[in-house]
Amino acid sequence: MSPHPALSRVDAVRQAEVRRGEVIDFLLQKGRARLDGATDDELVALVAQGDETACRLLVDRHLPRMIAVARRMMGNQADAEEVAQEVFLRVWTHADRWEPGRAQFTTWLHRVATNLCLDRLRRHTMDDIDSIPEPASDAPGPDVIFEQQELANRVEIALQALPLRQRAAVTLTHFQGLTNIEAAETLEISVEAVESLLGRARTALRVSLATEKGTSDR
(Lines give C-alpha, C1' and ligand atoms only; values in the text may rest on other atoms or scores of the structure.)
Protein backbone atom coordinates (compact mmCIF):
# COMPACT_ATOMS: atom_id res chain seq x y z
CA MET A 1 0.00 0.00 0.00
CA SER A 2 1.52 3.32 -1.07
CA PRO A 3 1.75 6.12 1.51
CA HIS A 4 -0.77 8.93 1.47
CA PRO A 5 0.46 11.82 -0.77
CA ALA A 6 0.17 14.30 2.11
CA LEU A 7 2.34 12.09 4.35
CA SER A 8 4.89 11.75 1.56
CA ARG A 9 5.11 15.52 1.28
CA VAL A 10 5.58 15.83 5.05
CA ASP A 11 8.38 13.25 5.00
CA ALA A 12 10.03 15.03 2.09
CA VAL A 13 9.90 18.35 3.93
CA ARG A 14 11.38 16.77 7.06
CA GLN A 15 14.17 15.14 5.07
CA ALA A 16 14.91 18.46 3.35
CA GLU A 17 15.08 20.19 6.73
CA VAL A 18 17.48 17.54 8.05
CA ARG A 19 19.71 17.90 4.99
CA ARG A 20 19.61 21.69 5.29
CA GLY A 21 20.61 21.43 8.94
CA GLU A 22 23.46 19.09 8.07
CA VAL A 23 24.70 21.51 5.41
CA ILE A 24 24.54 24.44 7.84
CA ASP A 25 26.43 22.44 10.50
CA PHE A 26 29.07 21.50 7.92
CA LEU A 27 29.52 25.10 6.83
CA LEU A 28 29.77 26.30 10.43
CA GLN A 29 32.37 23.65 11.25
CA LYS A 30 34.29 24.53 8.11
CA GLY A 31 34.13 28.20 9.04
CA ARG A 32 35.39 27.51 12.55
CA ALA A 33 38.27 25.43 11.21
CA ARG A 34 39.18 28.25 8.85
CA LEU A 35 39.22 30.79 11.69
CA ASP A 36 40.76 28.72 14.50
CA GLY A 37 44.22 30.15 13.81
CA ALA A 38 43.03 33.74 13.47
CA THR A 39 44.20 36.36 15.96
CA ASP A 40 41.77 38.19 18.20
CA ASP A 41 42.19 41.34 16.11
CA GLU A 42 41.37 39.43 12.94
CA LEU A 43 38.29 37.91 14.52
CA VAL A 44 37.08 41.29 15.78
CA ALA A 45 37.48 42.69 12.26
CA LEU A 46 35.26 39.87 10.98
CA VAL A 47 32.74 40.46 13.78
CA ALA A 48 32.53 44.08 12.64
CA GLN A 49 31.39 42.69 9.28
CA GLY A 50 28.69 40.61 10.96
CA ASP A 51 30.54 37.27 11.06
CA GLU A 52 28.76 35.23 13.75
CA THR A 53 31.26 32.38 13.58
CA ALA A 54 34.10 34.76 14.46
CA CYS A 55 32.06 36.09 17.37
CA ARG A 56 31.42 32.56 18.67
CA LEU A 57 35.15 31.83 18.52
CA LEU A 58 35.91 34.95 20.57
CA VAL A 59 33.31 33.86 23.12
CA ASP A 60 34.82 30.36 23.28
CA ARG A 61 38.29 31.82 23.81
CA HIS A 62 37.52 34.42 26.44
CA LEU A 63 34.20 33.68 28.16
CA PRO A 64 35.68 31.67 31.07
CA ARG A 65 38.05 34.49 32.02
CA MET A 66 35.31 37.10 31.80
CA ILE A 67 33.09 35.02 34.08
CA ALA A 68 36.02 34.57 36.47
CA VAL A 69 36.81 38.28 36.77
CA ALA A 70 33.12 39.13 37.18
CA ARG A 71 32.69 36.35 39.75
CA ARG A 72 35.43 37.81 41.92
CA MET A 73 34.07 41.33 41.55
CA MET A 74 30.37 40.61 41.96
CA GLY A 75 30.55 37.81 44.53
CA ASN A 76 28.06 35.49 42.85
CA GLN A 77 27.82 33.34 39.74
CA ALA A 78 24.51 34.64 38.38
CA ASP A 79 25.64 38.26 38.20
CA ALA A 80 28.99 37.14 36.81
CA GLU A 81 27.34 35.32 33.92
CA GLU A 82 25.13 38.33 33.16
CA VAL A 83 28.17 40.62 33.11
CA ALA A 84 30.06 38.23 30.82
CA GLN A 85 27.10 38.12 28.42
CA GLU A 86 27.01 41.92 28.38
CA VAL A 87 30.74 42.02 27.63
CA PHE A 88 30.31 39.97 24.47
CA LEU A 89 27.17 41.84 23.49
CA ARG A 90 29.36 44.93 23.45
CA VAL A 91 31.96 43.10 21.38
CA TRP A 92 29.22 42.34 18.84
CA THR A 93 27.78 45.85 18.79
CA HIS A 94 31.02 47.85 19.03
CA ALA A 95 33.45 45.70 17.04
CA ASP A 96 33.66 48.34 14.31
CA ARG A 97 35.16 50.77 16.85
CA TRP A 98 38.05 48.46 17.74
CA GLU A 99 41.45 49.87 16.79
CA PRO A 100 44.14 47.14 16.58
CA GLY A 101 47.46 48.16 18.07
CA ARG A 102 46.13 50.56 20.69
CA ALA A 103 45.86 47.82 23.31
CA GLN A 104 45.50 44.07 23.57
CA PHE A 105 41.99 42.82 22.96
CA THR A 106 42.08 40.92 26.27
CA THR A 107 42.95 44.15 28.08
CA TRP A 108 39.92 45.83 26.52
CA LEU A 109 37.71 42.87 27.53
CA HIS A 110 38.91 43.09 31.12
CA ARG A 111 38.28 46.85 31.10
CA VAL A 112 34.71 46.40 29.88
CA ALA A 113 34.03 43.60 32.38
CA THR A 114 35.52 45.55 35.28
CA ASN A 115 33.60 48.72 34.43
CA LEU A 116 30.35 46.79 34.12
CA CYS A 117 30.96 45.23 37.53
CA LEU A 118 31.80 48.60 39.10
CA ASP A 119 28.64 50.12 37.65
CA ARG A 120 26.50 47.29 39.02
CA LEU A 121 28.14 47.40 42.43
CA ARG A 122 27.64 51.14 42.69
CA ARG A 123 23.93 50.70 41.93
CA HIS A 124 23.25 47.74 44.16
CA THR A 125 24.23 46.59 47.65
CA MET A 126 25.50 43.05 47.81
CA ASP A 127 23.47 41.07 50.39
CA ASP A 128 24.48 37.49 49.72
CA ILE A 129 27.81 35.89 48.89
CA ASP A 130 27.65 32.73 46.84
CA SER A 131 31.05 31.13 47.41
CA ILE A 132 31.90 28.06 45.37
CA PRO A 133 35.21 26.46 46.43
CA GLU A 134 37.49 25.08 43.76
CA PRO A 135 37.46 21.27 43.66
CA ALA A 136 40.68 19.66 44.80
CA SER A 137 42.32 17.25 42.39
CA ASP A 138 43.85 14.93 45.01
CA ALA A 139 40.54 14.13 46.74
CA PRO A 140 41.40 15.31 50.29
CA GLY A 141 39.47 14.16 53.31
CA PRO A 142 36.38 15.92 54.70
CA ASP A 143 38.38 17.87 57.32
CA VAL A 144 40.75 19.28 54.70
CA ILE A 145 37.87 20.14 52.38
CA PHE A 146 36.09 21.94 55.22
CA GLU A 147 39.22 23.94 56.07
CA GLN A 148 39.76 24.86 52.42
CA GLN A 149 36.15 25.93 52.05
CA GLU A 150 36.28 27.93 55.25
CA LEU A 151 39.44 29.73 54.07
CA ALA A 152 37.93 30.34 50.64
CA ASN A 153 34.83 31.81 52.27
CA ARG A 154 36.91 34.06 54.51
CA VAL A 155 38.97 35.31 51.57
CA GLU A 156 35.80 35.86 49.52
CA ILE A 157 34.15 37.85 52.31
CA ALA A 158 37.29 39.92 52.89
CA LEU A 159 37.58 40.58 49.14
CA GLN A 160 33.95 41.70 48.91
CA ALA A 161 34.54 44.12 51.82
CA LEU A 162 37.28 45.99 49.96
CA PRO A 163 36.56 49.32 48.27
CA LEU A 164 35.58 48.72 44.65
CA ARG A 165 38.79 49.96 43.02
CA GLN A 166 40.95 47.92 45.41
CA ARG A 167 38.83 44.85 44.72
CA ALA A 168 39.24 45.39 40.99
CA ALA A 169 43.03 45.72 41.27
CA VAL A 170 43.33 42.53 43.35
CA THR A 171 41.00 40.60 41.06
CA LEU A 172 42.85 41.59 37.89
CA THR A 173 46.37 40.99 39.16
CA HIS A 174 45.99 38.13 41.63
CA PHE A 175 43.11 36.10 40.23
CA GLN A 176 43.29 36.98 36.52
CA GLY A 177 47.07 37.02 36.27
CA LEU A 178 47.40 40.46 34.68
CA THR A 179 50.60 42.41 35.21
CA ASN A 180 50.44 45.76 37.00
CA ILE A 181 50.89 47.45 33.62
CA GLU A 182 47.98 45.50 32.10
CA ALA A 183 45.82 46.20 35.16
CA ALA A 184 46.64 49.90 34.86
CA GLU A 185 45.56 49.86 31.22
CA THR A 186 42.38 48.02 32.13
CA LEU A 187 41.46 50.43 34.93
CA GLU A 188 42.76 53.42 32.93
CA ILE A 189 44.98 54.62 35.74
CA SER A 190 48.73 54.79 36.26
CA VAL A 191 50.87 51.84 37.31
CA GLU A 192 51.70 53.73 40.49
CA ALA A 193 48.00 54.05 41.27
CA VAL A 194 47.55 50.28 40.77
CA GLU A 195 50.46 49.57 43.11
CA SER A 196 48.94 51.90 45.69
CA LEU A 197 45.56 50.17 45.41
CA LEU A 198 47.21 46.77 45.77
CA GLY A 199 49.22 47.86 48.80
CA ARG A 200 46.16 49.17 50.61
CA ALA A 201 44.14 46.11 49.59
CA ARG A 202 46.74 43.65 50.88
CA THR A 203 46.93 45.47 54.19
CA ALA A 204 43.16 45.47 54.53
CA LEU A 205 42.91 41.79 53.61
CA ARG A 206 45.59 40.80 56.13
CA VAL A 207 43.86 42.75 58.89
CA SER A 208 40.43 41.40 57.95
CA LEU A 209 41.56 37.77 57.81
CA ALA A 210 43.57 38.03 61.01
CA THR A 211 40.68 39.69 62.85
CA GLU A 212 38.17 37.11 61.65
CA LYS A 213 40.48 34.23 62.54
CA GLY A 214 41.04 35.66 66.02
CA THR A 215 37.31 36.00 66.53
CA SER A 216 36.63 32.43 65.40
CA ASP A 217 39.34 31.04 67.69
CA ARG A 218 37.75 32.45 70.84
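Residues numbered from 1 in each chain as written. Predicted model: local features only at pLDDT ≥ 70, side-chain atom pairs only at ≥ 80, totals over all residues. Heavy atoms only, no water.

A. Seen up close, the pattern of salt bridges. Going through the model one piece at a time under the given rule, you end up with eight salt bridges. The salt bridge partner of Glu156 is Arg72, with a shortest N-O separation of 3.4 Å. Here Arg72 lies in helix α3 (residues 52–74) and Glu156 lies in helix α6 (residues 142–161), a separation of 84 residues in the sequence. Taken together, the shared-partner salt bridges connect Arg71, Arg72 and Glu156 into one network. (Salt bridge = Lys/Arg side-chain N within 4 Å of Asp/Glu carboxyl O. Helix = DSSP H or I, 4+ residues; strand = E, 2+ residues; numbered from the N terminus.)

B. Highlighting the packing of helix α5 (residues 105–123) against helix α7 (residues 164–175). In contact at an axis separation of 11 Å, α5 and α7 are set at 150° when each is read in the N-to-C sense. Of the two elements, α5 crosses α7, and the hand of that crossing is right-handed. Residues His110, Thr114, Leu118, Leu121 and Arg122 of α5 form the contact with α7, whose participating residues are Leu164, Arg165, Arg167, Ala168 and Leu172. Taken together, the residues of the contact of α5 with α7 sort by class into five nonpolar, two polar and three charged. (Axes fitted to C-alpha atoms, helices over the stretch in contact; angles between N-to-C directions. Left-handed = near helix turned anticlockwise from the far one by under 90°. Contact = heavy atoms within 4.5 Å. Nonpolar A, V, L, I, M, F, W, Y, C, P; charged D, E, K, R; others polar.)

C. Highlighting the confidence of the model for the chain. Per-residue pLDDT for the chain has a mean of 77; in total, 68% of the residues score no lower than 70. The secondary-structure element of the chain with the lowest mean pLDDT is helix α1 (residues 5–35), recorded at 53, while helix α4 (residues 77–94) shows the highest, at 93. Per-residue pLDDT stays below 50 along residues 21–28; that stretch engages in two contacts with residues further than four places along the chain or on separate chains. When the criterion is pLDDT under 50, residues 125–137 qualifies, and its contacts beyond four places in sequence or with other chains add up to 19 contacts. (pLDDT = per-residue confidence, 0-100.)

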